[in-house]
Amino acid sequence: MIKRSCLALIGIILFLSCSKKLEVNENIVFRQINGGGYGEYSGPMHIELRPDGRAFFYRGSGDIVWSGYYKIRGKKLKYEDDGSETRYTFEIVSGTELKGENGEVLKKESSGQ
C-alpha cells in the first residue's frame, strides 16, 4: 500500500513538472514559423504579450496590429481586442511555443531579435 502511494506521488510530481506553463514576466513575442499570409500586406502571425495583461496581435494578413488583452487559463491563452470584436485562442504547447486555432505554430523570439 505504501509502495503504491509513493509511486502515485512520484507520478503526480512528474506530471506537474512537465506542465505546459507560460509565465509572462517581461515582454514576449511569439512569431509564426509555419506559413504566413499572402500578398503585399501579409506576413507571419505574431503576438506580443506584456506582463500587465496587454497584448498586440497581428493575424498575418492586412496591415493592422490589434491592441487588446490576454488571459492565461490552464493550457489556453485567450486574446481579445479592446473593442471585443477580435478574439483568438492559442493552445500553450510550452513556455516557448503556441498553437493557433487554425494550426499556426508560433515560437517565442529570443530577446536578442
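Here the residue index of a chain counts from 1 through its sequence in written order. Per-residue local features are limited, in this predicted model, to residues with pLDDT of at least 70; the limit for side-chain atom pairs, both in listing and counting, is 80 or more; totals at the level of whole chains, interfaces and linings are taken over all residues. Hydrogens and waters are ignored; side-chain quantities use all the structure's heavy atoms.

### Remarks on the environment of Lys78
Secondary structure follows DSSP: runs of H or I at least 4 residues long count as helices, runs of E at least 2 residues long count as strands, and numbering of each begins at the N terminus. Take Lys78: it is sitting in strand 5 (residues 76-81). Residue class for Lys78 comes out partly exposed when judged on its relative accessible area of 44%. C-alpha separation for the pair Lys78 and Tyr88, spaced 10 residues apart in sequence, amounts to 6.0 Å. The contact partners of Lys78, leaving out residues within four places of it in the chain, are Tyr69, Tyr70, Lys71, Tyr88 and Thr89. Per-residue accessibility, obtained with a 1.4 Å probe over protein chains only, is compared with the maximum for each type, and a residue is labelled buried under 20%, exposed over 50%, and partly exposed between these values. Note on contacts: a residue pair qualifies if any of its non-hydrogen atoms lie within 4.5 Å across the two residues.

### Focus: the pairing of strand 5
Of the two faces of strand 5, only the one carrying Leu77, Tyr79 and Asp81 is buried; Lys76, Lys78 and Glu80 on the other face are not. As defined by bridge partners, strand 4 (residues 66-73) adjoins strand 5 across six bridges and the pair is classed as antiparallel. Along strand 5, the bridge assignment pairs Ile72 with Leu77. Pairs of strands are assigned from DSSP output, requiring at least two bridges between the strands. Hairpin remark: strand 4 followed by strand 5, antiparallel, with two residues in the connecting loop; positive phi at Gly74, about 65°. When strand 5 meets strand 6 (residues 87-94), the two strands line up antiparallel, connected through five bridges. Each residue of the ladder has a partner; that of Lys78, found in strand 6, is Thr89.

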